[in-house]
Amino acid sequence: MTKQRSFHHGNLRQALLDAAIELLDMKGVAGTTLRAVAARAGVSHAAPANHFKDLGALLTCVATVEFTRLWASIRECLSAPDLAGADRIMAFTKAIADYAMLHPYRYDLLWRTDLVDHQDPDLLLVMDRIYDCLCDEIRETALNKEFDTDTFAVSIWSLIHGYVSLRLSGMFLERADEVRQEPRLDAMVSLIIQAMRR
């Protein structure tokens, strides 16, 4: 039986967002429908239309909330004392990987161009903050001028996303690099950082 929540009058929008995230965690994107969200929030199936024109609008808002949470996690990781140089890029990648492994269905939603409007201004704002942060960290670390900052940033982002996606699909298990004795993702990022410093 679907759990219903009560909400204070005037706070339906937040109740719908909370319900959507709970359903996403339990059932993934396929189980997060407007009707299911409304039922979990304890309102009629027509009620979400008062705040979200369709499922895409609701999921875009959920993605914005989750990218904001991811941004907060990144900033927290980067705020560690005595963190400098390449270790800051490692912290950035760890924040994303940790979020993905803890919230796999939420992470999946972030990249669903068929369900999320990635041109939404609020969503673009937080996504740009995260990407710009990575670029800033690269500029502080990179010495190799044969490639631009975006090439390094896209390389690192692609590496994180590809590795995490394969981990979540069950294709890769968590392993350490046998030579460096550090987590595989850290070792992979080290490869790119070495290239950045040539």
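Residues numbered from 1 in each chain as written. Predicted model: local features only at pLDDT ≥ 70, side-chain atom pairs only at ≥ 80, totals over all residues. Heavy atoms only, no water.

**Student:** So what exactly am I meant to see when it comes to a nonpolar patch on the surface here?
**Tutor:** Taken together, Leu 166, Met 171 and Phe 172 make up a surface patch of nonpolar side chains, about 300 Å² in accessible area. Tracing the sequence through the fold places Leu 166 in helix α7 (residues 149-169). The exposure class assigned to Leu 166 is partly exposed, which follows from its relative accessible area of 34%. (Patch = residues over 30% accessible without salt bridge, like charges linked within 9 Å, V, L, I, M, F, W, Y side chains within 5 Å. Areas by Shrake-Rupley, 256 points an atom, 1.4 Å probe, with all protein chains shown as cover. Salt bridge = Lys/Arg side-chain N within 4 Å of Asp/Glu carboxyl O. Helix = DSSP H or I, 4+ residues; strand = E, 2+ residues; numbered from the N terminus. Buried < 20%, exposed > 50% of the residue type's maximum accessible area, 1.4 Å probe, protein only.)

**Student:** Just to check I follow, could you spell out the state of the cysteines for this structure?
**Tutor:** Where two cysteines share a covalent bond between their sulfur atoms, that bond is called a disulfide. If you walk through the whole model with that rule in mind, you get 0 disulfides. In this structure Cys 133 is not part of a disulfide, and its nearest cysteine sulfur, from Cys 135, lies 9.2 Å away. For Cys 133, a relative accessible area of 10% translates into the label buried. (Disulfide = S-S within 2.5 Å.)

**Student:** Even after reading the chapter, I still don't get the nonpolar core, so can you show me in this structure?
**Tutor:** Taken as a class, soluble globular proteins show a tendency for nonpolar side chains to be buried jointly. Among the nonpolar cores identified, the biggest contains 61 residues, and Ile 74, Ile 138 and Met 196 are the most heavily contacted of them. When contributions to this core are tallied by element, the ones reaching two or more residues are α1 (12-27), α2 (34-41), α3 (55-78), α4 (86-102), α5 (104-110), α6 (121-141), α7 and α8 (184-196). Residues in contact with Ile 138, not counting those within four places in the same chain, are Ile 89, Thr 149, Phe 152, Ala 153, Ile 156 and Met 196. (Core = buried A, V, L, I, M, F, W, Y, C linked by side-chain atoms within 4.5 Å. Contact = heavy atoms within 4.5 Å.)

**Student:** Explanation requested: the layout of surface pockets in the structure shown.
**Tutor:** The probe, sized like a water molecule, is rolled over the atoms to show the empty space still left. Computed from the structure, the largest pocket encloses a volume of approximately 240 Å³. Lining of the largest pocket is provided by 13 residues; of these, Ala 97, Asp 98, Arg 167, Glu 174 and Leu 185 occupy positions nearest its centre. Its residues assigned to classes, the lining of the largest pocket comprises 6 nonpolar, no polar and 7 charged. Considered as a void within the structure, the second largest pocket measures approximately 160 Å³ in volume. Contributing to the lining of the second largest pocket are Arg 13, Lys 53, Asp 54, Gly 56, Ala 57, Thr 60, Cys 61, Thr 64, Asp 117, Asp 120 and Asp 122. For the lining of the second largest pocket, the element with the most residues is α3, which contributes 5 residues. (1 Å grid on protein atoms, 1.4 Å probe; cavity = no way out; pocket = protein on both sides within 12 Å on 5 of 7 lines; lining within 4 Å. Points joined across faces, edges and corners; volume = space filled by probe spheres on them. Nonpolar A, V, L, I, M, F, W, Y, C, P; charged D, E, K, R; others polar.)

**Student:** Can you help me understand unusual backbone geometry in this one?
**Tutor:** Note: most peptide bonds trans; most residues except glycine with negative phi. Positive phi, close to 65 degrees, is recorded for Asp 82, a residue that is not glycine. By the secondary structure assignment, Asp 82 is in the loop between α3 and α4. The phi torsion at Gln 181 lies on the positive side, around 55 degrees, for a residue other than glycine. With respect to the helices and strands, the residue Gln 181 is situated in the loop between α7 and α8. On the accessibility criterion, Gln 181 (61% relative accessible area) is exposed.

**Student:** Where do I start with the pattern of salt bridges in this structure?
**Tutor:** Between side chains of opposite charge, a pair can form when the charged atoms approach closely. Summed over the entire model, instances satisfying the criterion amount to 12 salt bridges. With a closest N to O distance of 2.8 Å, Asp 136 and Arg 139 form a salt bridge. Remark: Arg 139 and Asp 136 occur in helix α6; sequence separation between them is 3 residues, near one turn of the helix. Arg 139 sits in the partly exposed class, given a relative accessible area of 48%. With its nearest N and O atoms 4.0 Å apart, the salt bridge here joins Glu 174 to Arg 167. By relative accessible area, which is 18% here, Arg 167 ends up buried.

**Student:** Can you help me understand α8 in this one?
**Tutor:** Residues spaced three or four apart along an α-helix point in a common direction, a consequence of the helix completing one turn every 3.6 residues. Taking 1.5 Å of rise per residue, the 13 residues of α8 would be expected to cover 18 Å, and the 19 Å separating its terminal C-alpha atoms lies within 8% of that figure. Taken together, the buried residues of α8 touch α4, α6 and α7. (Expected span 1.5 Å × (residues − 1).)

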